[in-house]
Amino acid sequence: MARAQYMVVVRQGDWNISFGGKNYGPYKTQKEAIRAAIDAAQGSGKKGAEAEVLLQGTNNKFLTEWTYGRDPYPPA
């Protein structure tokens, strides 16, 4: 199964989740978007996918925020 990457991005001042070519949101805060992305990634991981949440950082570079099977769920 392919890797499921949930990307938390900011678009026009709103936080969204980009996954599978679609955008989900907006979310009021970055923390809210990250939590929703982690919940979705957890579901993909339980179905056998390598799942991770990536956070858009400076210069549009993405940093790994959470990985299924490596980081605790629910997150602290």
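Here the structure is shown first, and the text comes after it.
Quick caveat, the model's predicted, so the values are computed rather than measured. (Residues numbered from 1 in each chain as written. Predicted model: local features only at pLDDT ≥ 70, side-chain atom pairs only at ≥ 80, totals over all residues. Heavy atoms only, no water.)

Draft legend 1. A look at the sheet that holds strand β3 (residues 22-27). Read across the open sheet, the five strands follow the order β3-β2-β1-β4-β5; overall the sheet is mixed. Bordering the open sheet on either side are β3 and β5 (62-67), each of which pairs with just one other strand. Taken over all neighbouring pairs, the strand axes of this sheet differ in orientation by 25 degrees on average, direction set aside. Pairing of strand β2 (residues 14-19) with β3, which is carried by four bridges, proceeds in the antiparallel orientation. In the strand pairing of β3, Ile 17 is matched with Tyr 24. (Pairing = 2+ DSSP bridges. Helix = DSSP H or I, 4+ residues; strand = E, 2+ residues; numbered from the N terminus. Axes fitted to C-alpha atoms, helices over the stretch in contact; angles between N-to-C directions.)

Draft legend 2. Structural context of the environment of Arg 3. With respect to the helices and strands, Arg 3 occurs in strand β1 (residues 3-11). Judged by its relative accessible area of 48%, Arg 3 falls in the partly exposed class. Put simply, Arg 3 and Glu 52 are 49 residues apart on the chain and 7.8 Å apart in space, counted from C-alpha to C-alpha. Once you skip the residues sitting within four places of it in the chain, Arg 3 turns out to touch Glu 50 and Glu 52. At 3.4 Å, the side chain of Arg 3 forms a polar contact with the side chain of Glu 52. (Buried < 20%, exposed > 50% of the residue type's maximum accessible area, 1.4 Å probe, protein only. Contact = heavy atoms within 4.5 Å. Polar contact = N/O pair within 3.5 Å; in protein donor to acceptor, adjacent residues only side chain to side chain.)

Draft legend 3. Region of interest: the pattern of salt bridges. Across all of its chains, the model carries four salt bridges by this definition. Across the salt bridge formed by Asp 39 and Arg 35, the nearest N and O atoms sit 3.2 Å from each other. Of the two residues, Asp 39 and Arg 35 both sit in helix α1 (residues 30-46), four residues apart, roughly one turn of that helix. Assessed through its relative accessible area of 32%, Asp 39 is described here as partly exposed. Owing to a relative accessible area of 36%, Arg 35 belongs among the partly exposed residues under this scheme. Residue Asp 71 pairs with Arg 70 through a salt bridge whose shortest N-O separation is 3.5 Å. Exposure remark for Asp 71: the relative accessible area of 24% places this residue in the partly exposed category. Overall, Arg 70 belongs to the exposed group, its relative accessible area being 58%. What emerges from the salt-bridge pattern is a single network uniting Arg 3, Glu 50 and Glu 52. (Salt bridge = Lys/Arg side-chain N within 4 Å of Asp/Glu carboxyl O.)

Draft legend 4. Focus on the side chain of Gln 42. Mapped onto the fold, Gln 42 is located in helix α1. With a relative accessible area of 12%, Gln 42 lands in the buried category. Setting aside chain neighbours within four positions, we find Gln 42 in contact with Trp 66, Tyr 68 and Tyr 73.

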